[in-house]
Amino acid sequence: MQKKERQDIIVDEVRVNRNVSSNYLAEKLKVSEDTIRRDLNELDKKGLIMKVHGGAVSTIQKLYHYNEDVVFNKEGKNIIAIKAVSLIEDGMVVIISGGTTNLMLAKQLPKDLKATVYTYSLPIAMQLSEHPSVEVIFIGGKINKKSMVTVGIDVVQSLSEVVADICFIGVSSINIANGLTDEGYEVSLVKRAMIAASDKIVALATSNKLNVRQNYNVCSLNEINTLITELNPNDNKLRNYLLQNVQTI
């Protein structure tokens, strides 16, 4: 097998499975782990995968166009998106943060919805550009190449001039003690600005994000009006959030 063919298979494996181990790839492709490590280094430099200790993870979030077939937990995210759409009314000013769950929300917006949407997510802005009745305002700034969102002081300043009815925040992690936290400092600052600009805050979180903590604070739990997951609102996993007076849908 030629190196190009082998590396194409590696990229496909990572995109489909979201993360793969070097050992798995070595066994599948019948080559040494040293060969796999060299392949992963090359593919990482090209931006096709992200090399991590022991293997690789997907960088599908970097793509200009998301392939829905490889969106992790697509079914759960669609359930969340459908629930979230019920909170949007004609004439609203809406802020939507980044992430594939919010991308699913953008795809689910009714075609007759008339609203104004601010977003710092390039994929979401492009998705909404196809919507016939939604005014889309893309908040420009420095692009975070990992998540394809804009960050920096220009984004924060732009948001300080916005007064939104509702904000849909994508969740990297949420727990009772720390509220919403994020893995990136600059993204956390932008999310804080989105929250400050909005009357109502809706957190969209697949259940694997519950009871997890990242490094950078976004907001406390009491700043969230509604938490939407793919779970039944009465699921035991959400009990502690209900006890903190967080509405769950």
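Just so you know, the residues in each chain are numbered from 1, in the order the chain's sequence is written. Local features in this predicted model are restricted to residues whose pLDDT is 70 or higher, and side-chain atom pairs enter the listing and the counts only when it is 80 or higher, whereas totals over whole chains, interfaces and linings include all residues. Calculated side-chain values reflect all of the structure's heavy atoms, with hydrogen atoms and water omitted.

Enquirer: Looking at this structure, I do not really get the overall build of the chain. What am I missing?
Expert: Only runs of H or I of at least four residues qualify as helices and only runs of E of at least two qualify as strands under DSSP, and these elements are numbered from the N terminus. Within the chain, the secondary structure is distributed over nine helices and 15 strands. The C-alpha atoms of the chain give a radius of gyration of 19 Å, which matches the 18 Å a tight globule of 249 residues would have. Its C-alpha atoms give the chain principal-axis dimensions of roughly 55 × 40 × 35 Å. Looking at the chain as a whole, 48% of its 249 residues qualify as buried. Considering only intrachain contacts with a sequence separation of at least 6, the fraction spanning at least 24 residues in the chain is 61%. Only the protein chains shown count as cover for residues, and the accessible areas themselves come from Shrake-Rupley with a 1.4 Å probe. Of the roughly 12400 Å² of accessible surface on the chain, a fraction of 46% belongs to carbon and sulfur atoms. The charged-residue count follows a simple rule in which Lys and Arg add positive charge and Asp and Glu add negative charge, with His and chain termini not counted at all. We put the charge of a Lys on NZ, of an Arg on CZ, of an Asp on CG and of a Glu on CD. Computing the positive centroid from 29 side-chain charges and the negative centroid from 28, the chain places the two 6 Å apart. For this measure, only C-alpha atoms enter the radius of gyration; the expected value for a globule follows 2.2 Å times N^0.38, where N is the number of residues. Type-normalised accessible area, obtained with a 1.4 Å probe on protein chains alone, sets the label of each residue: buried when under 20%, exposed when over 50%, and partly exposed for intermediate values. Residue contacts follow a heavy-atom distance rule, with two residues in contact if any of their heavy atoms lie within 4.5 Å.

Enquirer: Before we go on, may I ask you to explain the environment of A106 in this structure?
Expert: Note on placement: A106 falls in helix α5 (residues 100–108). A106 gets classed as buried once you look at its relative accessible area, which sits at 4%. Linking A106 and N222, residues 116 residues apart in sequence, is a C-alpha distance of 26 Å. If we skip the residues at most four places from it in the chain, A106 touches I124, Q127 and L128.

Enquirer: What is the right way to look at the pattern of salt bridges in this model?
Expert: Two side chains of opposite charge can pair, provided their charged atoms sit close to one another. A side-chain nitrogen of Lys or Arg and a carboxyl oxygen of Asp or Glu constitute a salt bridge if their distance falls within 4 Å. Within the structure shown, the criterion is met by eight salt bridges. For K142, the salt bridge is made with E186, and the minimal N-O distance between the two is 3.0 Å. Placement of K142 in strand β7 (residues 142–144) and of E186 in helix α8 (residues 185–196) is noted, with a sequence separation of 44 residues between them. Residue class for K142 comes out partly exposed when judged on its relative accessible area of 49%. In the salt-bridge network here, residues are joined through shared partners; they are E33, D34 and R37.

Enquirer: How should the sheet that holds strand β1 (residues 19–21) be read in this particular structure?
Expert: Adjacent strands of a sheet form backbone hydrogen bonds with each other and so pair up, either parallel or antiparallel. By the convention used here, strands pair only if DSSP detects at least 2 bridges between them. Spatially, β1-β3-β2 is the arrangement adopted by the three strands of the open sheet, whose pairing is antiparallel. Each edge of the open sheet carries a strand with a single partner, namely β1 and β2 (50–52). If you compare each strand with its neighbour and ignore which way they point, the axes differ by 25° on average. By the bridge criterion, three bridges tie β2 to strand β3 (residues 55–57) in an arrangement that is antiparallel. The axes are straight lines fitted to the C-alpha atoms, using for helices just the contacting stretch, and the angles between their N-to-C directions are given from 0 to 180°.

Enquirer: Help me out: how do you make sense of helix α3 (residues 33–45) in this one?
Expert: Along an α-helix, residues three or four positions apart point the same way, because every turn accommodates 3.6 residues. Across its 13 residues, α3 extends 18 Å between first and last C-alpha, which sits within 8% of the 18 Å expected from 1.5 Å per residue. Three or more residues of α3 are buried, namely T35, I36, D39, L40 and L43. Seen end-on, α3 carries its buried residues on one side only, within an arc spanning 135°. Looking at α3, the residues exposed on the side facing more than 90 degrees away from the buried face are R38 and K45. Taken together, the buried residues of α3 touch α1 (3–17), α2 (22–29), β2 and β3. For a helix, the expected span equals 1.5 Å multiplied by the number of residues minus one. Arc definition: directions from the helix axis to the C-beta atoms.

Enquirer: Which parts of the structure should I look at to understand the side chain of K77?
Expert: In this structure, K77 sits in helix α4 (residues 74–85). Despite its burial, K77 pairs with no opposite charge, the nearest such side chain being E230 at 9.7 Å. Polar contacts involving the side chain of K77 include one to the side chain of T100, which spans 2.6 Å. N or O atoms within 3.5 Å of each other form a polar contact, as long as, within protein, one can give a hydrogen and the other can take it, and as long as residues adjacent in sequence are counted only when both atoms are side-chain atoms.

Enquirer: How do you make sense of the packing of α1 against α3 when you look at a structure like this?
Expert: The geometry of a pair of packed helices is captured by two quantities: the angle between their axes and the separation between those axes. At a minimum axis separation of 10 Å, α1 and α3 run at an interaxial angle of 75°. The pairing of α1 with α3 is recorded here as roughly perpendicular in orientation. Facing K3, R6, Q7, I10 and V11 of α1, the residues of α3 in contact are T35, I36, D39, L40, E42 and L43. Roughly parallel here means an angle under 35 degrees, roughly antiparallel means over 145, roughly perpendicular means 65 to 115, and every remaining angle is called oblique.

Enquirer: Would you mind going over the nonpolar core with me for this structure?
Expert: Burial of nonpolar side chains together is a common tendency in soluble globular proteins. Think of a nonpolar core as a cluster: buried Ala, Val, Leu, Ile, Met, Phe, Trp, Tyr and Cys residues, connected wherever their side-chain atoms sit within 4.5 Å. Of all hydrophobic cores here, the largest spans 34 residues; its most connected members are I95, I174, L180 and L227. Top contributing element to this core by residue count: α8, with five residues. Look past the residues within four positions of L180 in its chain and what remains in contact with it is I169, V171, S173, I174, A203, Y216, N217, V218, C219 and I224. Grouped together as the second largest cluster of nonpolar side chains are 26 residues, A106, L113, V134 and I228 included.

Enquirer: Whenever I open this one, the sheet that holds strand β14 (residues 226–228) confuses me. Can you help?
Expert: If you walk across this open sheet you meet the seven strands as β6-β5-β4-β9-β12-β14-β15, and the pairing is parallel. Strands at the two margins of the open sheet, each flanked by one partner only, are β6 (134–138) and β15 (247–248). Bridge analysis of strand β4 (residues 93–96) against strand β9 (residues 164–170) gives three bridges, and the strand direction is parallel. Note that in β9 the partner of V94 across the bridge is I166. In the packing of α8 onto the sheet, the strands contacted are β4, β9 and β12 (198–204), and the crossing angle to β9 comes to about 150°.

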